[in-house]
Amino acid sequence: MIIYKAKNYQDMSRKAANILSAQIIMKPDCVLGLATGSSPVGAYQQLIEWYKKGDLDFCRVTSVNLDEYKGLGPDSDQSYRYFMNSNLFDHVNIDISHTFIPNGLELDTKKACCEYNEVIAQVGGIDIQLLGLGNNGHIGFNEPGVAFERETHCVDLTESTIEANKRFFASEADVPRQAYTMGIKNIMQAKKILLIVSGKSKAQALKEALYGPITPLLPASVLQLHSDLTVVADEEALSLIDK
Ligand code: GLP
C-alpha cells in the first residue's frame, strides 16, 4: 500500500488525476473503473484541463462505473450516468458507447446485475479502480455487512448513506432507497485501486479501513488485501493516522 498525503482537497485531486493520467498514457486502451460523489469531481476537472491542453487522449479509453441508483435513468440529473456525463464524459474525447454504468432503469435486478458483470468481463477487467469512501466505510454502494464475495448486486441503502447523499437531492424523500453496485469481488479484481479521501468526516472510517480488522462491517477494510492499493488522502482525512 502506498499512501500519498495531500494538503487539501485540491492537492488530493491533482495527485489522483496524475495517477489516472499516468494509466491512460501508459495504456491508451485502458479500462478505468470510475466513481461518483464529491470526492472525484476535482480529479475529473483536472483530467479535463489536461485533455484540453492536449496532454491526454481518451479516444481508446473504456470506463466502467461502480454504481447507479435503481430507478434513475440518464435523464434524471441525480443519476450517476448524468453525473458522469456532466462531470467528465461530455468534456473529453471518450467514446460514450465505451462508458458503462449499471442500468438504473432495468428494474429486473437479476438481469441488471448479470448484464453488468458481463460488461466488466467483456471489457477485459478493470486496470485501475477509483474509489471514494463512504462515512460508514462503504465503497461503491457496498454497505456494511455485504459479503466480500459478491459481484454486482442490488443494495438497500443505509440511513447514514441516504442522509449523506440527500445533499444532492431536493429532499431526503427523493433519495432512492436502492442502488445497483459492483460487488467487493468486482472491485478487488481490478489490477490497481486508487482510493481518494478528503475531510475530517472520513478520518475515522479511513483509519479503520487501512489499519483496523478486515471485516464486512467496514467494507473498505478489504482493500488491505489488495496487492496494488494507492491511497491519496488529505491531512484532515489522515488526521487520526498521522500523529
Ligand atoms: C456514494 C457513492 C460512493 C462514494 C460515496 C462517498 O455513496 N456511491 O461511490 O464513494 O458516496 O461520497 P463523497 O465522495 O461525496 O463523500
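About the thresholds
- Residues numbered from 1 in each chain as written.
- Predicted model: local features only at pLDDT ≥ 70, side-chain atom pairs only at ≥ 80, totals over all residues.
- Heavy atoms only, no water.
- Helix = DSSP H or I, 4+ residues; strand = E, 2+ residues; numbered from the N terminus.
- Patch = residues over 30% accessible without salt bridge, like charges linked within 9 Å, V, L, I, M, F, W, Y side chains within 5 Å.
- Areas by Shrake-Rupley, 256 points an atom, 1.4 Å probe, with all protein chains shown as cover.
- Salt bridge = Lys/Arg side-chain N within 4 Å of Asp/Glu carboxyl O.
- Core = buried A, V, L, I, M, F, W, Y, C linked by side-chain atoms within 4.5 Å.
- Buried < 20%, exposed > 50% of the residue type's maximum accessible area, 1.4 Å probe, protein only.
- Contact = heavy atoms within 4.5 Å.
- Near = heavy atom within 4 Å.
- Polar contact = N/O pair within 3.5 Å; in protein donor to acceptor, adjacent residues only side chain to side chain.
- Nonpolar A, V, L, I, M, F, W, Y, C, P; charged D, E, K, R; others polar.
- Pairing = 2+ DSSP bridges.
- Axes fitted to C-alpha atoms, helices over the stretch in contact; angles between N-to-C directions.
- Expected span 1.5 Å × (residues − 1).
- Arc of directions from axis to C-beta.

Looking at the secondary structure, you find proline 40 in the loop between strand E2 (31–34) and helix H2 (41–52). Taking the C-alpha atoms as reference, proline 40 lies 10.0 Å from serine 198; in sequence the two are 158 residues apart.

A cluster of nonpolar side chains, contributed by Met1, Ile3 and Tyr211, occupies part of the molecular surface with about 310 Å² of accessible area. Mapped onto the elements of the fold, methionine 1 is located in the segment before strand E1 (2–6).

Our next topic: the nonpolar core. By size, the foremost hydrophobic cluster in this structure holds 62 residues, and its most contacted members are Leu195, Leu206 and Leu223. No other element matches H2, which puts six residues into this core. Leave out the neighbours within four places in its chain, and leucine 206 touches Leu133, Leu195, Val197, Val231, Ala233, Ala237, Leu238 and Ile241. One finds Tyr80, Phe141, Leu157 and Val175 within the second-largest nonpolar core, a separate group that totals 10 residues.

Taken together, 13 residues form the shell around the ligand, and within it Ser38, Ser39, Asp67, Arg167 and Lys202 come nearest. Serine 38 has a polar side-chain atom sitting 2.7 Å from an oxygen atom of the ligand. Here an oxygen atom of the ligand and a side-chain polar atom of lysine 202 are 2.7 Å apart. Look at the ligand: alone it shows 390 Å² of surface, and the protein chains cover 94% of it. Residue composition of the shell around the ligand, grouped by class: three nonpolar, seven polar and three charged.

Another point: the sheet that holds strand E4 (residues 67–69). The three strands lie next to each other as E4-E8-E7, forming an open sheet whose pairing is antiparallel. Where the open sheet ends on each side, the last strands, each with one partner, are E4 and strand E7 (153–156). The mean angle between the axes of side-by-side strands here comes to 25°, regardless of whether they run parallel or antiparallel. Two strands pair when backbone bridges link them, and E4 and strand E8 (residues 178–181) are joined in this way by three bridges, in the antiparallel orientation. Bridge pairing in E8 places aspartate 67 opposite threonine 181.

Helix length check: helix H4 (residues 109–122), at 14 residues, gives a terminal C-alpha distance of 20 Å against a target of 20 Å (1.5 Å per residue), a fit within 8%. Turning to H4, its buried residues number three or more, namely Ala112, Cys113, Tyr116, Asn117, Val119 and Ile120. Buried residues of H4 fall within an arc of 155° about the axis and therefore sit on the same side. Seen from the buried face of H4, the exposed residues on the opposite side, beyond 90 degrees, are Lys110, Ala121 and Gln122. Looking at the buried residues of H4, the elements they touch are strand E3 (62–65), strand E5 (99–100), E7, E8 and helix H6 (184–188). A side-chain oxygen of the first residue of H4 lies 3.2 Å from the backbone nitrogen of lysine 110; this N-cap is aspartate 108.

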